[in-house]
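So the chains spell out like this:
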Amino acid sequence: MGAGAVRVARPHAGNTAEFFTADRFDLQTQPVEGQRGEEIAADLISGIHLSTVDLDATAVGYRDDQHARTLRAAFARRQLVNYELVPEVMAAVEFLLAAGELQGYRTIALYDLGSSGLSVSVVDLVTRQLHYSERTSDIGGDYLDALIREQQIASGRIAHPADPAGLTALDTLCRRAKEQLSGNTAVAMPSEYGLVLISQENFEALIQLAVESSARLTREVITRSEQAVQAVVAIGGGAHIPLVSRTVGRWTGMPVVVPAQPETVVARGASLLARPSVLAAPTRPVPRVTGAVERPVAKTKAVATIAEPAAPLKEPGPSRRRELSVAGVAVGALVVIAALGSALGWGPQVLRGDSQKSSAQPSSAVTTAVRPPVDPTAARSTDDPTNVPISAPPQQYSPTTVEATSTTPGPNTIVVVPGLPPIVVPTIPPGVLPQIPMPGQQQRQQR
C-alpha cells in the first residue's frame, strides 16, 4: 500500500512459495487521489472478504509503526480481524526469493522509490534480518511529477490552474506522462490547460539531480550498515525510470536488479506471507493483530515461592545494644539471687516461691503451648504448611502464649526491666538465717 495507490494481489490456486510463478497473480490497483490510503485499503479488503467465499488469509504490508497503527485503526472501524500486518521489506524479500531474482546474493540493498519518498534498506537474505534502513521524502514520485508540472507551466504551453482541484488534475496528467516515458522517447498529452509535451531526454535532465541525490543516499546507507552488500534491488513505481538504475549502479559500483512490475513486488510478497488467522469465539476477546503494541503488564511479587536472597544481617544499633545490656543486667540479677539461695538452702523457694505461705505473691509466668506430635502416616491437611501450594505464601506459626492473671505487685516484687515479668523475692522465714550479732552487741555480751 503506497501513498499514490493501493495494490491488491491474489495468487492463483497452487501459486505458493514452493510452486511459484511470478506472473500468476490477480492484480488490482486503486489510485488514492487525495484520499486516505488506509481507508481505501480497508474498504477494498472488506469488500473482498464479503464477496470471496474461499478466502483463507489476508496480509497487508506496512512501512513503519505509525503506518501500522493507522491501518489497524481503519480495519477496526470495519470490524476486520482475519488479517495480519507484514513489513514491506520482508514482503519484498519474500517475493524476490520466490521468483529467483536474487540467486547468488546473500546481502542486498533494497531501493524502494514510491510516491511519497524513498526507502533504502540493507537485508540479509539468508537470515531475513534487516541490518539498516533509512527513508527520505526529498525524492519521490510526487516530487518528480511536480518537476514536470512546473517545467510545463514554465514553457508557456500549459496555463497555471486556478484552484487546487486543477493542480491535482494536472499532476495526475504529468504522472501518466512520466509512466509512458519509461517505454517511449517522447509523449504528448492534451488537457484543458494545454498540451503536456516532454521527451525522454528532457525528462532525464529535469530529474538528474534528484536521482543522483537518491543514489548518494543509497551509498551512504550501505556504508553505515557495515555489511558486505552485493547488489541493489530497485522496486516501487520509480524503478521503471531507466535513469534510476543507471545512476544508482554508477554511484554504488554494484549491479542493480529491477524485477518485472516493480510497483507490485510488495503486494505479491505480502500475499505469499499471508497465513490464516484464527477467529476468536464471541465470548472471548479478539486475538491481537501481528505487530500490535504490547501493553506493560504489572508484575506481582509472590511471597514464599522462590524467594530472593536474604539480606545480610546488620550490626545492632545503639538502641538495640541498650536493650541487650538491660536484659543482661536482669539475667545477671537472677543468677546472683539463684546462687545466694542455693548457698543458704532455700534456692527452690526463691525460684518458685513459698507455696506453703499464704503471703507469697503469684508470679506472672508465661506458658508456651506445646503442639501435639504429628503422625507421619496420617494424610496432611490443608493447615499443614508443607501442603500449601508453592504459589501461596506459607502460613506463619508462632508459639501461643498464655499469661497468668496479673495481680497487684506486692512489697517483695522487684521490676528489673520494664516490660519483662517482675521478680518476686520470697519472705525469708525467721530462724532460717543464723542470728549474727552486730559488733556492738558482741562487745556488750563479753562484758
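Residues numbered from 1 in each chain as written. Predicted model: local features only at pLDDT ≥ 70, side-chain atom pairs only at ≥ 80, totals over all residues. Heavy atoms only, no water.

J.: Help me understand the packing of aromatic side chains, please; the structure alone is not making it clear to me.
T.: Any aromatic ring pair is given by two values, namely how distant the centres are and how the planes are angled relative to each other. If you walk through the whole model with that rule in mind, you get two aromatic pairs. When the centroid spacing of 4.7 Å and the interplanar angle of 80° are considered together, the rings of Phe 75 and Tyr 83 count as edge-to-face. With a relative accessible area of 0%, Phe 75 lands in the buried category. Note on Tyr 83: relative accessible area 5%, which makes it buried. For Arg 268, the ring lying beneath its charged end belongs to Phe 25, and the centroid distance is 5.9 Å. (Phe/Tyr/Trp six-rings, centres within 6.5 Å; stacked < 30°, edge-to-face > 60°. Buried < 20%, exposed > 50% of the residue type's maximum accessible area, 1.4 Å probe, protein only. Lys NZ or Arg CZ within 6 Å of the ring centre and 35° of its normal.)

J.: Honestly, the packing of helix α4 (residues 141–155) against helix α5 (residues 164–180) in this entry has me stumped. Any pointers?
T.: Helix-helix packing is characterised by the crossing angle of the two axes and by the distance between the axes. Running from N to C, α4 and α5 cross one another at 105°; their axes reach a closest spacing of 9 Å. The angle between α4 and α5 places the two elements in the roughly perpendicular class. Contacts from Gly 141, Asp 142, Leu 144, Asp 145, Ile 148, Arg 149 and Ile 153 of α4 reach α5 at Leu 167, Leu 170, Asp 171, Cys 174, Arg 175 and Lys 178. Here the residues of the contact of α4 with α5 sort into six nonpolar, one polar and six charged. (Axes fitted to C-alpha atoms, helices over the stretch in contact; angles between N-to-C directions. Helix = DSSP H or I, 4+ residues; strand = E, 2+ residues; numbered from the N terminus. Parallel < 35°, antiparallel > 145°, perpendicular 65-115°, else oblique. Contact = heavy atoms within 4.5 Å. Nonpolar A, V, L, I, M, F, W, Y, C, P; charged D, E, K, R; others polar.)

J.: How do you make sense of the nonpolar core when you look at a structure like this?
T.: One recurring pattern in soluble globular proteins: nonpolar side chains tend to sit buried together. Ranked by internal contacts, the top residues of the largest apolar core, which has 38 residues, are Tyr 111 and Ile 207. Top element by residues in this core is helix α6 (residues 200–225). It accounts for eight residues. Apart from the residues within four sequence positions on either side, Tyr 111 is in contact with Leu 118, Ser 119, Val 120, Ser 214, Thr 218, Val 232, Val 233, Ala 234, Ile 235, Val 244 and Val 248. Judged by nonpolar contacts, the second largest core, of 28 residues, contains Phe 20, Ala 92, Leu 125 and Ala 270. (Core = buried A, V, L, I, M, F, W, Y, C linked by side-chain atoms within 4.5 Å.)

J.: What exactly am I supposed to notice about the side chain of Thr 264 here?
T.: Its location among the elements puts Thr 264 in the loop between β11 (256–257) and α8 (265–273). Residues in contact with Thr 264, not counting those within four places in the same chain, are Arg 7 and Leu 27.

J.: I keep staring at the pairing of strand β7 (residues 129–136) and nothing clicks. Help me out?
T.: The pairing of strand β6 (residues 118–124) with β7 spans seven bridges and is classified as antiparallel. In the sheet register, Asp 124 faces β7, and the bridge partner there is Gln 129. Where β6 folds back on β7, the antiparallel hairpin that results is connected by four residues, among which Arg 128 adopts a positive phi of roughly 60°. (Pairing = 2+ DSSP bridges.)

J.: In this structure, what is going on with the sheet that holds strand β5 (residues 107–113)? I would like to understand it.
T.: Within a beta sheet, neighbouring strands are joined by backbone hydrogen bonds and run either parallel or antiparallel to one another. Here we have five strands laid out as an open sheet, ordered β7-β6-β5-β10-β11, and mixed in their pairing. The strands lining the two open edges of the sheet, one partner per strand, are β7 and β11. By the bridge criterion, two bridges tie strand β10 (residues 231–235) to β11 in an arrangement that is parallel. Along β11, the bridge assignment pairs Val 233 with Val 257.

Treat this as a map of the structure, not an account of what it does.
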